[in-house]
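The residues making up each chain are set out below.
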2 protein chains.
Amino acid sequence: MTTPSPRLVEFNQNLHAMGLRNTPQRTAVLEYLDSTDTHPSAAEVYSALKQRYPGLSFATVYNTLDLLVGMGYISVLGDIGDNQAHFDSNIVPHANLVCVRCHSITDIHSPHLENLGTFITQESGFEVVNSRILYYGLCPVCQQKTKNT
Amino acid sequence: MTTPSPRLVEFNQNLHAMGLRNTPQRTAVLEYLDSTDTHPSAAEVYSALKQRYPGLSFATVYNTLDLLVGMGYISVLGDIGDNQAHFDSNIVPHANLVCVRCHSITDIHSPHLENLGTFITQESGFEVVNSRILYYGLCPVCQQKTKNT
DNA sequence: TTTTGTGCAAACGTTTTGCAATTAT
DNA sequence: ATAATTGCAAAACGTTTGCACAAAA
């Protein structure tokens, strides 16, 4: 067996600190989200883990995703055009580029994001907890496909 | 009767130009969205107009919202935590501040948005069509309520 | 008159819920 | 032991769809 990542260790510690339990399903969901940059939906998490955990249920996947969001380990991108909410384990503020054709999601970091965040916090009177920055368009691959049509 | 806004006039002209028809329902939906800054959901649009158009159906509301999005007259904010997609008639790029407690949505404009948009376009290889910039947190009113709890 | 748009009601798919069985502690 | 968590199945909810009727052009 592999050594668990620091994030997983911390997650388990935080669970205990909150009086919650450390279950294989919870670990598996976070581990899976950390292992991919495809921004999966609940259904995709379920499918990916169903093989290894045959008894896994949608209820558990949704419960765990909600828990992880609440604990700040992942964030929700919401529906990206395929009628499913997608999740992102990259909690560093960044922009998500959503391809409206193939529904791929690419992360992009920008120095301007920090400025924007600071501006919002200072100007709005809001106590900002989280952000969801999505740009919609055509990814390079789909631009190519469109030209060939 | 009041004079229709330039935007409504242009909308009707564009409908004709596209070979589509100018119906009271279509005008009413756009007019309603233009009249409010509450970023309504489909259900809220339906409720608001149902009084004046008793026969109005959800199908028409959804069809019209899709049409308006497609024509670029409104944009979709998506689910903001209440499990309903919300719509925004403010198509000038801006950030939306979503209160996670009362689900209010406030628009805020920032000079940094333009820089961010330019950066994304230049760096990503994406052909950006649209953006959805949401910040989640507590609005001033709900911050006050939380303190009193 | 002809074609588009509407309204209704049923269908769809994702997400949520209640509860008995299971499992972590 | 005991309280939290899971899995199952059914339900709920927002949204979409098919089709007959109405209405715009």
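See above for the structure.
Since this is a predicted model, take the numbers as computed values, not measurements. (Residues numbered from 1 in each chain as written. Chains lettered and ligands numbered in written order. Predicted model: local features only at pLDDT ≥ 70, side-chain atom pairs only at ≥ 80, totals over all residues. Heavy atoms only, no water.)

Caption draft 1: Focus on the packing of aromatic side chains. In the structure shown here, the tally under the stated rule is six aromatic pairs over all chains. Within the aromatic cluster, the residues linked to one another by ring pairs are Y46(A), F58(A) and Y62(A). (Phe/Tyr/Trp six-rings, centres within 6.5 Å; stacked < 30°, edge-to-face > 60°.)

Caption draft 2: Representation of the protein's contact with DNA strand C within the structure. Around DNA strand C sit 20 residues, and of these Y62(A), R21(B), T23(B), R26(B) and T60(B) come closest. Counting only the atoms of DNA strand C that lie within 4 Å of the protein, the sugar and phosphate share comes to 76%. One nitrogen or oxygen atom from the side chain of T23(B) is found 2.7 Å from a phosphate oxygen belonging to DNA strand C. Within the surface near DNA strand C, the residues separate by chemical class into eight nonpolar, nine polar and three charged. (Near = heavy atom within 4 Å. Polar contact = N/O pair within 3.5 Å; in protein donor to acceptor, adjacent residues only side chain to side chain. Nonpolar A, V, L, I, M, F, W, Y, C, P; charged D, E, K, R; others polar.)

Caption draft 3: Summary view of the interface of chain B and chain A. Listed per partner, the contact involves 36 residues of chain B and 36 residues of chain A. Between chain B and chain A, a total of about 3,100 Å² is buried, with carbon and sulfur atoms accounting for 70% of that surface. In terms of surface lost to chain A, no three residues of chain B exceed F126(B), Y135(B) and Y136(B), which account for 23% of the buried area on that side. If you look at where chain B meets chain A, you find zero salt bridges. The interface formed by chain B and chain A holds twelve residue pairs in polar contact (both at pLDDT 80 or more) in total. Looking at the side of chain B that touches chain A, the elements that each hand over two or more residues are β3 (95-99), β4 (105-108), α5 (111-124), β5 (127-138) and α6 (140-147) of chain B. No other element matches β5(B), which puts twelve residues into the side of chain B that touches chain A. Considered class by class, the residues forming the side of chain B that touches chain A number 20 nonpolar, twelve polar and four charged. (Contact = heavy atoms within 4.5 Å. Buried area = accessible area lost by both parts, 1.4 Å probe. Salt bridge = Lys/Arg side-chain N within 4 Å of Asp/Glu carboxyl O. Helix = DSSP H or I, 4+ residues; strand = E, 2+ residues; numbered from the N terminus.)

These figures come from the coordinates and say nothing about function on their own.
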